[in-house]
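One-letter residues, chain by chain:
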Amino acid sequence: MTAQMHVPSLLSRAGAVSALTLAAVGGTLLAPGAAPEAQAATSHATKALGVAASKKGAPYRYGAAGPTRFDCSGLTVYAYKKAGKSLPRTAQQQYNNTRHISASSRQKGDLVFFHSGGRVYHVGIYAGSGKIWHSPKTGSWVKLDRIWSSKVFYGRVR
């Protein structure tokens, strides 16, 4: 369910609603449990995703965090910083500092962490449809790729 319900569904669920109530809510109503923080988080994630996508083709460089070269966690740090959020520098630290979510709860802009033996070794930004923006390795560049492993965790930036 989205954070907003339009008036027709409100009327059908709540019965008669006064014109004063409709005027007060401006034709929309926040769904129960939706918070302005949730909407802000989605906004930051969407902006970070756009920033990452705008860096398509930027070369990989170990330890680089932009603006023209990136390693995997450097790209996520850069993208989220431009979106107004601060992330720690490494993929493992980023995983430790995000709200862990299930694959079924993932949304565009969430972080995708690749892991092996309990250690996070790579991070990208979820782009939807099973794809991520990431900066994979030496000799490569920022690009959109399919998630290639089932050994992933998902995290939402707070």
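Before going into details, it helps to say that this report is about the structure given with it.

Conventions used here
Residues numbered from 1 in each chain as written. Predicted model: local features only at pLDDT ≥ 70, side-chain atom pairs only at ≥ 80, totals over all residues. Heavy atoms only, no water. Core = buried A, V, L, I, M, F, W, Y, C linked by side-chain atoms within 4.5 Å. Buried < 20%, exposed > 50% of the residue type's maximum accessible area, 1.4 Å probe, protein only. Helix = DSSP H or I, 4+ residues; strand = E, 2+ residues; numbered from the N terminus. Contact = heavy atoms within 4.5 Å. Pairing = 2+ DSSP bridges. Axes fitted to C-alpha atoms, helices over the stretch in contact; angles between N-to-C directions. 1 Å grid on protein atoms, 1.4 Å probe; cavity = no way out; pocket = protein on both sides within 12 Å on 5 of 7 lines; lining within 4 Å. Points joined across faces, edges and corners; volume = space filled by probe spheres on them. Salt bridge = Lys/Arg side-chain N within 4 Å of Asp/Glu carboxyl O.

1. What about the nonpolar core?
The tendency in soluble globular proteins is for nonpolar side chains to be buried side by side. Core analysis: the biggest nonpolar cluster contains 26 residues, and Tyr80, Leu111 and Ile125 have the highest contact counts within it. Where this core is concerned, the elements lending two or more residues are α3 (36-54), α4 (72-82), α5 (91-96), β4 (111-116) and β5 (119-128). Apart from the residues lying within four places of it in its own chain, the contact partners of Ile125 are Ala48, Leu49, Ala52, Thr76, Ala79, Tyr80, Gly109, Asp110, Leu111, Lys131, Ile132 and Trp133.

2. Digging into the sheet that holds β5
Spatially, six strands are ordered β3-β8-β4-β5-β6-β7 in an open sheet, and the strand pairing comes out antiparallel. This sheet does not close on itself; its edge strands, each paired only once, are β3 (99-101) and β7 (143-146). Adjacent strand axes in the sheet meet at a mean angle of 45° when their direction is disregarded. Sheet topology places β4 next to strand β8 (residues 152-156); four bridges connect them, and they run antiparallel. Each residue of the ladder has a partner; that of Val112, found in β8, is Tyr154. Sitting on the sheet, α4 touches β4, β5 and β6 (131-134), and the angle it makes with β5 is about 45°.

3. What to know about the layout of surface pockets
Taken as a whole, the second largest pocket holds about 200 Å³ of empty space. Contributing to the lining of the second largest pocket are 13 residues, with Tyr62, Asp71, Ser73, Thr90 and Ala91 lying nearest its centre.

4. Looking at the pattern of salt bridges
Under the definition given, this model contains two salt bridges. Two residues, Asp71 and Arg89, come together in a salt bridge whose shortest N-O distance is 3.1 Å. With Asp71 in the loop between α3 and α4 and Arg89 in the loop between α4 and α5, this pair connects stretches of sequence that are 18 residues apart. Between Arg156 and Asp110 there is a salt bridge, and its shortest N-O distance comes to 2.8 Å. One end of the pair, Arg156, is in strand β8; the other, Asp110, is in the loop between β3 and β4, with 46 residues separating them in the sequence. The same class applies to Arg156 and to Asp110, which are both buried.

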